[in-house]
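The chain contents come next:
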Amino acid sequence: MEEIHIGWIGLGNMGIPMAEQFVKAGYRLSVYNRSQDKAEALSKLGAKTSSSPKELLSSTDMVVIMVSDDEAISQIFTNENGLLSDNTTGKIIINMSTVSPGVSIEMAQLCKEKGNFYLDAPVSGSVKQAETGTLVIMVGGEEKPYHLAKSILEKLGKLVMHVGAIGSGNNAKLAINSLLALYAQGLAETILFAKDKGIETADLLNLISNAAIGNVFTKIKGDAILSDNYKAAFALKHIVKDLKLAQAEGLATPLAQTALNTFANAEEQFGEEDIISVVKAIKR
Ligand code: NAP
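This structure is a prediction, so every number in the text was calculated from the model and none was measured.

**Things to note about the packing of helix α8 (residues 168–196) against helix α9 (residues 201–210)**
Close contact between α8 and α9 brings their axes to 9 Å; oriented N to C, the two are set at 130°. Considered as vectors, α8 and α9 are oriented oblique to each other. By crossing handedness, the relation of α8 to α9 is classed as right-handed. Within the contact between the two elements, α8 uses Leu 187, Thr 190, Ile 191, Ala 194 and Lys 195 and α9 uses Thr 201, Leu 204, Leu 205 and Ile 208. For the contact of α8 with α9, the residue count by class is six nonpolar, two polar and one charged.

And the structure:
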């Protein structure tokens, strides 16, 4: 049984299965979520609940965050009972959300002024990888907190890699998600084209899976299309956020611009559904 007490903020599609890995690994865990009802799943497993980020930080050794976007991160740090309102020092705060490098640099500086450490540690992989502790985790920040946090992050991922200074993890993640957007749009267009030519989607997916271009993403999202199940594992609205963040960081290539247009146009109708619901938007 590990003695360290971990605090967790953010119990959405990813946060719940990721936090569960720490319970399974025997850590003491306390959780906070803006909508308190979502903490129930973790309470049932023995996690304590906290009423604010401040209370969570003061009562734990390290805090891990997995929330939507820059705005959520700013609020969690700077609100009245936010992380920065606590006066304990020497703690490591790990932000695993996909956010801009800019918000990481800003929050890291504020944490430093309070005597705490900040790491950006976004993840590649989705709910399935979160459930099995096989995410890929890219970390930005100082070496010292990285080495202290690495063995803990390894409970969530099959690969934990330090990629540079604060914000570097965010930049790596934005690069990867640009490719993800291209894959999703490409898969959707390929399926629709083949279907138009009379090729059954199941047959096409079988061919792709056995060809050099087959991959885990195609398998999972192909199955979703076949079963007409677009419940969000990775909500389409989040890829729009990520493509906009990548654009703000200077990604202005033709494919990235096309993908942003496609997903932004799909967002109003399909934003809460899975990224692969883009197939419905393109078909329309
Ligand atoms: P999600 O299901 O939409 O959950 C979002 C979480 O953020 C919820 O806990 C939500 O709290 C919280 N939140 C949102 N706005 C907030 C605010 N202003 N203040 C406090 N909490 C706030 O998202 P997710 O799919 O778990 O993704 C989380 C992050 O991981 C995102 O940055 C996403 O891009 C990234 N990511 C997702 C996947 C995936 O496959 N899903 C994969 C890799 C990375 P409430 O419950 O109160 O709304």
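**Considering the UniProt feature "active site" (unreviewed entry) in the protein**
In this structure's numbering, the residues bearing the UniProt feature "active site" (unreviewed entry) are Lys 173. Here Lys 173 lies in helix α8. Owing to a relative accessible area of 6%, Lys 173 belongs among the buried residues under this scheme. Every residue in contact with Lys 173, bar those within four places of it in the chain, is listed here: Thr 98, Pro 122, Val 123, Ser 124 and Met 138.

**Describing α9**
When α9 is considered as a whole, its buried residues turn out to be Thr 201, Leu 204, Leu 205 and Ile 208. Down the axis, α9 shows its buried residues gathered within 95° of arc, on one side only. Facing away from the buried side of α9 by over 90 degrees, the exposed positions are Leu 207 and Asn 210. Check the buried side of α9 and you find it contacts α8 and α10 (216–226).

**Looking at the nonpolar core**
The tendency in soluble globular proteins is for nonpolar side chains to be buried as a group. Of all hydrophobic cores here, the largest spans 33 residues; its most connected members are Trp 8, Met 18, Ile 94, Met 96 and Ile 137. Setting aside residues up to four positions removed in sequence, Met 96 forms contacts with Met 18, Val 64, Ile 65, Met 66, Ala 121, Pro 122, Val 123, Ile 137, Leu 153 and Leu 156. Of all hydrophobic cores here, the second largest spans 29 residues; its members include Ala 188, Ile 225, Leu 243 and Ile 276.

**Quick notes on the packing of α8 against helix α12 (residues 254–270)**
Interhelical geometry of α8 versus α12 gives an angle of 65° and a closest axis separation of 10 Å. Comparing their axes, α12 and α8 come out roughly perpendicular. At the point where α8 passes α12, the crossing takes the left-handed sense. Side by side, α8 and α12 meet where Ala 181, Leu 182, Ala 184 and Gln 185 of the first sit next to Leu 255, Ala 256, Thr 258, Ala 259, Thr 262 and Phe 263 of the second. Taken together, the residues of the contact of α8 with α12 break down into seven nonpolar, three polar and no charged.

Conventions and cut-offs
Residues numbered from 1 in each chain as written. Predicted model: local features only at pLDDT ≥ 70, side-chain atom pairs only at ≥ 80, totals over all residues. Heavy atoms only, no water. Axes fitted to C-alpha atoms, helices over the stretch in contact; angles between N-to-C directions. Helix = DSSP H or I, 4+ residues; strand = E, 2+ residues; numbered from the N terminus. Parallel < 35°, antiparallel > 145°, perpendicular 65-115°, else oblique. Left-handed = near helix turned anticlockwise from the far one by under 90°. Contact = heavy atoms within 4.5 Å. Nonpolar A, V, L, I, M, F, W, Y, C, P; charged D, E, K, R; others polar. UniProt positions renumbered as here; feature names shortened; annotations may be inferred. Buried < 20%, exposed > 50% of the residue type's maximum accessible area, 1.4 Å probe, protein only. Arc of directions from axis to C-beta. Core = buried A, V, L, I, M, F, W, Y, C linked by side-chain atoms within 4.5 Å.

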